[in-house]
Amino acid sequence: MKKNLLTSILMTLTTTALFGLAYPLVVTGLAQLIFPHKANGQLIVENGKVVGSRIIGQGFSGPGYFRSRPSAAGNGYDAANSGGSNLGPTNQKLLDRVKLDVAAAQVENPGTRVPVDLVTTSASGFDPHITPAAAEFQLPRVAKARGMTAEQLRRIMAKHTEARQFRILGEPRVNVLELNLDLDQQFPSATGTKLE
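Just so we're clear, the structure is a prediction, and the values are computed from it rather than from any experiment.

A. Local environment of the packing of helix α4 (residues 132-146) against helix α5 (residues 150-159). As a packed pair, α4 and α5 sit with axes 10 Å apart at the nearest point and diverge in direction by 130°. By the angle class used here, α4 and α5 are oblique. The handedness of the crossing between α4 and α5 is right-handed. Where α4 approaches α5, its residues A135, E136, L139, V142 and A143 are matched on the opposing element by A150, L153, R154 and M157. Split into classes, the residues belonging to the contact of α4 with α5 amount to 7 nonpolar, no polar and 2 charged.

Below you can see the structure in the form of structure tokens.
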């Protein structure tokens, strides 16, 4: 009995040391050596200041900026409260919110079908991408606010449109933060607020 208890305690201490300390330290060390930018959150730095992460969505307002997907994380893009709303597709609260968002989007671009990702949240609440259709929907507003032609804006959008991974996984997508930062550099906007 004593031998079994001692063996159990030693195994617990050994596996805790190996898998709770040594393994995470080795993996973290290798990640820092092999791809430090990704291991540190793919932060985007502008003028010495972190303005966001390539892999975490954030809100934008103002007519000169492309807008991200809506976020159900806390009060919107709240990193301490990530997650979707957990409202099912037949939930009246969700249906009412989506109807309001569709109506608001159609005021901006009448007669045009609203892409679903502009009125629905992602599972995490932090999706940094929108579909090319969602970017195209917002194009007239952003081009007008920045004094650009639609064709100039489409060229910049194409630069920030990522294809399917390995040509089969996922869908084409546009990174909103990178697109807006590029627009700020090439065509500064006199109107709007960058971050919400």
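B. Structural context of the nonpolar core. Of all hydrophobic cores here, the largest spans 26 residues; its most connected members are F66, L153, M157, L179 and L183. In terms of residue count, α4 provides more of this core than any other element does, 6 residues in total. Dropping the residues within four chain positions of it, L153 is found in contact with F66, L139, V142, A143, M148 and L183.

Conventions and cut-offs
Residues numbered from 1 in each chain as written. Predicted model: local features only at pLDDT ≥ 70, side-chain atom pairs only at ≥ 80, totals over all residues. Heavy atoms only, no water. Axes fitted to C-alpha atoms, helices over the stretch in contact; angles between N-to-C directions. Helix = DSSP H or I, 4+ residues; strand = E, 2+ residues; numbered from the N terminus. Parallel < 35°, antiparallel > 145°, perpendicular 65-115°, else oblique. Left-handed = near helix turned anticlockwise from the far one by under 90°. Contact = heavy atoms within 4.5 Å. Nonpolar A, V, L, I, M, F, W, Y, C, P; charged D, E, K, R; others polar. Core = buried A, V, L, I, M, F, W, Y, C linked by side-chain atoms within 4.5 Å. Buried < 20%, exposed > 50% of the residue type's maximum accessible area, 1.4 Å probe, protein only.

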